[in-house]
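Listed below are the residues making up each chain.
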There are 2 protein chains.
Amino acid sequence: MVVPKNHPRYESLLLREKVKDCLKEGIISEVGIAAHGRGEAFDYFLGERTTEQAETAIKASARLLCRAENPVISVNGNIACLVPEEIVKISKILPLKIEINLFYRTVERETKIKKRLEKFGGKNILGVGENANECIPGLDSLRGKVSREGIFTSDVIIVPLEDGDRALALKNMGKKIIAIDLNPLSRTSLCADITIVDNVVRAMPRLIEEIKKLKNKDIEEEFIFDNAENIKKSIEIMKNNLIRLQEKIDER
Amino acid sequence: MVVPKNHPRYESLLLREKVKDCLKEGIISEVGIAAHGRGEAFDYFLGERTTEQAETAIKASARLLCRAENPVISVNGNIACLVPEEIVKISKILPLKIEINLFYRTVERETKIKKRLEKFGGKNILGVGENANECIPGLDSLRGKVSREGIFTSDVIIVPLEDGDRALALKNMGKKIIAIDLNPLSRTSLCADITIVDNVVRAMPRLIEEIKKLKNKDIEEEFIFDNAENIKKSIEIMKNNLIRLQEKIDER
């Protein structure tokens, strides 16, 4: 479908078309489409912009990533669909390992996602087939499969749009978690060390900029970052947007 | 996938599985799945229950439907998937005409939805193929196709999960609109005469009960119902749930 440029939700509809195409290609699962829809609703409440809180979380994440020894990004169908170029860019700048980590895991889908990332220049993509040879403690064998050189031995992991059980299990392994999640109340958001409450299509390019600024600089101290406070402020923004929308009804 | 009964989001996950199956069967479109996901997020904010405001809106709707001369329910893939039995039940009690009215219209999908409704006892289902022989003024020919004996000449229409442009065009034809929509801020919700801000799976059985109570009674006066006030109160509930969730973070 061609989305008319003057549609009030043009950007959002373009993304939806992209997600639809990726479902047809087998990159995204049906449940991934529902997750995208949930994200749309949360983004609507957020005002569809990168908030001040998200900016702070992005800066803290860049700092954490630049200090990390073995950072990894966990890639599912949705983010491979939405930000393949940005994933590859970060992987080259830092460097950061790319690991495919699906909730509905099939070698077919893993391979399709790998090819999509390679099309954008991605190299050494982990987590496909036999490469996912370790298991995260506390998860069943299908949900817990990860690569030894990647997520299993990583110290910092970016988990955009991650399942709550998995994020918690990774946290229990002692890893630092950076979540990118539009729902500030998801279990993933609440258990992460840093939660970027933002749309991945806005957050990832900003994260690249911040990493570029810090790269090759001496980062001696850790950034002081209070994630509970950050999440509470993000909810506050949603609440205030609701009040604003409520007032709009009165003006009609 | 088998959903474990002790999962904190059991009911919601069951519905998601149903929607997934209906996508595979061709009842729901990909965009319908995204819409379902948006609904999940709004329902979460609403507290996943039928609010007092929704109860009032359901009562007002039952009254309006019992007084109507040619009431119609507009059926899309999502509601044919979620509440086929309830659609058929209301159609028999009132009586109410059933018209299939898809945003992504194909005769194949119309026929599949018709068969699904017939499986639950539905009869004389309108809006399939050549039966959608009229056009709603102000809409293009694909989006505006409706049946002469159904939506085109109806006085009251139930539009669960309807597109905003179409709801507005129907309103402009002078019809009374009953929307069932989890997003109180959608254009459909805002332009309707009565908006039931609730999940269709909860609202439809309640609507059936109310219609049964009123059926064969003399309904002289119209129910006084302020939809703007109703919508504002629904937003208020979402806002208060956010505050409650914010407080929960402090308790952690």
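For every chain, the first residue of the written sequence is number 1, and numbering continues from 1 onward in sequence order. Chain labels run from A onward and ligand labels from 1 onward, assigned in the order the entries are written. Reporting in this predicted model follows two pLDDT cut-offs: at least 70 for local features of residues, and 80 or more for side-chain atom pairs to be given and counted; totals over whole chains, interfaces and linings ignore these cut-offs and use all residues. No hydrogens and no water enter the side-chain calculation; it runs on all heavy atoms of the structure.

**Some points on the overall build of chain A**
Across its full length, chain A carries eleven helices and seven strands. In this setup the radius of gyration rests on C-alpha atoms only. A globule is expected at 2.2 Å times the number of residues raised to 0.38. What you see for chain A is a C-alpha radius of gyration of 18 Å, in line with the 18 Å of a compact globule of 252 residues. Seen along its three principal axes, the alpha-carbon backbone of chain A occupies a region of about 60 × 45 × 35 Å. Burial status across chain A gives 58% buried among its 252 residues. Counting from the N terminus, the helices are DSSP H or I runs at least four residues long and the strands are E runs at least two residues long. A simple rule labels every residue: compare its accessible area, found with a 1.4 Å probe on the protein chains alone, to the largest value its type can have, and call it buried under 20%, exposed over 50%, or partly exposed in between.

**Some remarks on the environment of Ile 157 of chain B**
All names here are of chain B. Within the secondary structure, Ile 157 is located in strand β5 (residues 156-160). For the pair Ile 157 and Ile 136, spaced 21 residues apart in sequence, the C-alpha separation works out to 14 Å. We call two residues contacting when some pair of their heavy atoms lies within 4.5 Å. Once residues lying within four places of it in the same chain are set aside, the contact partners of Ile 157 are Val 72, Ser 74, Ile 151, Leu 170, Lys 175, Lys 176, Ile 177 and Ile 178.

**Some remarks on the UniProt feature "binding site: ATP" (unreviewed entry) in chain A**
Mapped onto this numbering, the UniProt entry gives "binding site: ATP" (unreviewed entry) at Arg 16, Arg 38, Asp 181, Leu 182, Asn 183, Arg 187, Thr 188, Asn 199 and Val 200 of chain A. Spatial dispersion of the annotated residues is evident: they stretch over 185 residues in sequence, and the largest pairwise C-alpha distance comes to 24.7 Å. Within the secondary structure layout, Arg 16 of chain A lies in helix α1 (residues 10-25). Ignoring any residue separated from it by four or fewer positions in sequence, one finds Arg 16 of chain A in contact with His 36 and Glu 40 of chain A together with Val 31, Ala 34 and Arg 38 of chain B. Residue position: Asp 181 of chain A is located in the loop between β6 (176-180) and α9 (187-191). Residues contacting Asp 181 of chain A, with those up to four places away along its chain left out, are Ser 186, Thr 188, Ser 189, Ile 196, Val 197 and Asp 198 of chain A. Within the local environment of Asp 181 of chain A, its side chain forms a polar contact with the backbone nitrogen of Asn 183 of chain A, the two atoms lying 2.9 Å apart. UniProt positions are given in the numbering used here, feature names are shortened, and annotations may be inferred rather than shown by experiment. Distance and chemistry together define a polar contact, namely a pair of N or O atoms within 3.5 Å, with one atom able to donate a hydrogen and the other to accept it when in protein, and with adjacent residues in sequence counting only for side-chain atoms on both sides.

**Examining the relation of the copies chain A and chain B**
Only residues with pLDDT of at least 70 in both copies count here: their C-alpha atoms drive the least-squares fit that superposes the copies. For the pair chain A and chain B, the relating rotation is 180°, the translation along its axis is 0.0 Å, and the fit reaches an RMSD of 0.0 Å. When the rotation and shift are considered jointly, the pair of chain copies conforms to a two-fold rotation axis. Both copies contact each other with a shared surface, as 97% of the interface residues of chain A are interface residues in chain B too.

**Remarks on the interface of chain A and chain B**
In this assembly, 36 residues from chain A lie in contact with 35 residues from chain B. Between chain A and chain B the total buried area reaches about 3,700 Å² when both faces are included, carbon and sulfur atoms providing 71% of it. Two parts placed together each lose some accessible area under a 1.4 Å probe, and the buried area is that loss summed for both. Per-residue buried area on chain A facing chain B is highest for Glu 30, Gln 246 and Ile 249 of chain A; these three make up 16% of the total on that side. Counted as salt bridges are all cases of a side-chain nitrogen of Lys or Arg within 4 Å of a carboxyl oxygen of Asp or Glu. Note that Arg 38 of chain B is salt-bridged to Glu 40 of chain A, the shortest N-O span being 2.5 Å.

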